[in-house]
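# Summary of structural features
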Amino acid sequence: MNKLYVLTLALLLIAGCETSQGPSESQYERVSREIEELKRQSESAGIGDNIKITVNMLSAGESESFAIDSLLQYVDKNVTVTKRPEVFNRSGLKIGIAGQNFKARLDITKQQLKSSEESELFIVLADGATGYINIGKEIWVPRFYYFGRWYSSVGYEFRQAGRSLQVTVRKLPSGLIDMELTPVFSRFLSNGGDLELTELSTRVTAQPGQTLVIGGGDTSEENVATALLSYSKSGERKKTLITVTPYVQ
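Residues numbered from 1 in each chain as written. Predicted model: local features only at pLDDT ≥ 70, side-chain atom pairs only at ≥ 80, totals over all residues. Heavy atoms only, no water.

### Considerations on the overall build of the protein
In terms of helices and strands, the protein carries five helices and 15 strands. Within the protein, the proportion of its 249 residues that are buried is 47%. A sequence separation of at least 24 residues applies to 79% of the contacts in the protein between residues at least 6 apart. Surface accessibility of the protein: about 12600 Å² in total, with carbon and sulfur atoms responsible for 48%. (Helix = DSSP H or I, 4+ residues; strand = E, 2+ residues; numbered from the N terminus. Buried < 20%, exposed > 50% of the residue type's maximum accessible area, 1.4 Å probe, protein only. Contact = heavy atoms within 4.5 Å. Areas by Shrake-Rupley, 256 points an atom, 1.4 Å probe, with all protein chains shown as cover.)

The following block contains the structure:
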């Protein structure tokens, strides 16, 4: 029988209290507004492409997780636009575009790993549509801290909760592809609902065929990245690195 664990969400912001935003909109809000306008224009014109997203997940044991972590030094994290930078920085997540040497280093790392698991999947979305990248069903950490304002302590069954990334894609007039990513823990709340960490939403713009890398997390820390990217199998802790590559069809 599955054990019941308690999720602790550290609310550093006071629930229901409005935060001063100032007269100007944030970069994330500006980009989102521009994307929504492009969406309305394309819908009124009746045009749009399908976008295929190929996802690769590489997992290694705790003793070799440093090898996966080392790949993040070949990732440009300055191209991301986060909704709440101060919250995202505490999450432990690292998201960015693969640099020039990333693929070569990834191939070398795969050869050097003594024990690893690799899986690949793809989803096809209409221009402007939303889908989910399913990462796994088990959460290794019994609790994690999310610095948001709308959540309180809830209960969940360890083996029933799902880990995924919600992704919304949009082809821009320049030919680039905008991707908005939001971590989601499905069947997670005590009422069976999903926990969408909307304050961690991140936008990345990439060329078709360019690879987005998602990593981070530390098995010694209780943060969102660890909960999203770590799991236990046969008593061994494992950590996952995700690559996401969009193509226009």
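### Remarks on the environment of Ser116
Relative to the helices and strands, Ser116 resides in strand E6 (residues 116-126). Separated by 52 residues in the primary sequence, Ser116 and Glu64 place their C-alpha atoms 9.0 Å from one another. Not counting the four nearest positions on each side in its chain, Ser116 is found in contact with Leu58 and Ser59.

### A look at the environment of Ser32
Of note, Ser32 is situated in helix H1 (residues 27-45). Separated by 146 residues in the primary sequence, Ser32 and Asp178 have C-alpha atoms spaced 9.9 Å apart.

### Comments concerning the side chain of Thr80
Examined against the element boundaries, Thr80 turns out to sit in the loop between strand E3 (75-76) and strand E4 (81-82). A polar atom in the side chain of Thr80 sits 3.1 Å from the backbone oxygen of Lys77. (Polar contact = N/O pair within 3.5 Å; in protein donor to acceptor, adjacent residues only side chain to side chain.)

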